[in-house]
Amino acid sequence: MKAHIIGVSRMHGTSKKTGRPYDMARCYVLQPCDVVANDAYTKVGHGYQVAEMEMRPDALTKFSDLKFPATVELITDNEMQFGRIITVITGYKVAAA
């Protein structure tokens, strides 16, 4: 999946509420603003908006040599989280021009 990414981040620590460790990472992607219109809702936009994508925490270091913003081909996989299958980023390769 070709994407314009503006950054990546990782959050890890121990939950104050449960005492369990957590480790999660995100990739921030620019996606074109879309137009949605139906009887109950209308959304109009111009330019881009930010979307967050799940990322495997160990993939974060693979992005350290990028200069942001960057256009890349994201490498993804599916995994089970909280009883549902989601798409997660596992790496990238340089996008063809």
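Quick caveat, the model's predicted, so the values are computed rather than measured.

This part is about the environment of Arg56. Looking at the secondary structure, you find Arg56 in the loop between strand E5 (48-55) and strand E6 (70-81). Taking relative accessible area as the criterion, Arg56 reaches 24% and is therefore assigned partly exposed. For Arg56, the contacting residues outside a window of four places in its chain are Ala25, Asp77, Glu79, Val88, Ile89 and Thr90. Within the structure, Arg56 has its side chain in polar contact with the side chain of Asp77 (distance 3.1 Å).

Judged from the four bridges that link them, strand E1 (residues 2-14) and E6 form a sheet pairing that is antiparallel. Counted as the bridge partner of Lys2 is Glu73 from E6. The pairing of E6 with strand E7 (residues 84-94) spans 10 bridges and is antiparallel. Within the sheet, the bridge partner assigned to Glu79 lies in E7 and is Ile86. Taking the residues between adjacent antiparallel strands as the criterion, E6 and E7 are bridged by two residues, where Phe82 takes a positive phi near 55°.

Bringing the nonpolar core into the picture now. Ile5, Met55, Phe63, Leu66, Val72, Leu74 and Ile89 are the most contacted members of the largest nonpolar core, which has 15 residues in total. When residues of this core are traced back to their parent elements, those giving at least two are E1, strand E2 (21-32), E5, E6 and E7. The residues touching Val72, leaving out its near neighbours within four places in the chain, are Met1, Lys2, Ala3, Ile5, Leu66, Tyr92, Lys93 and Ala95.

Conventions and cut-offs
Residues numbered from 1 in each chain as written. Predicted model: local features only at pLDDT ≥ 70, side-chain atom pairs only at ≥ 80, totals over all residues. Heavy atoms only, no water. Helix = DSSP H or I, 4+ residues; strand = E, 2+ residues; numbered from the N terminus. Buried < 20%, exposed > 50% of the residue type's maximum accessible area, 1.4 Å probe, protein only. Contact = heavy atoms within 4.5 Å. Polar contact = N/O pair within 3.5 Å; in protein donor to acceptor, adjacent residues only side chain to side chain. Pairing = 2+ DSSP bridges. Core = buried A, V, L, I, M, F, W, Y, C linked by side-chain atoms within 4.5 Å.

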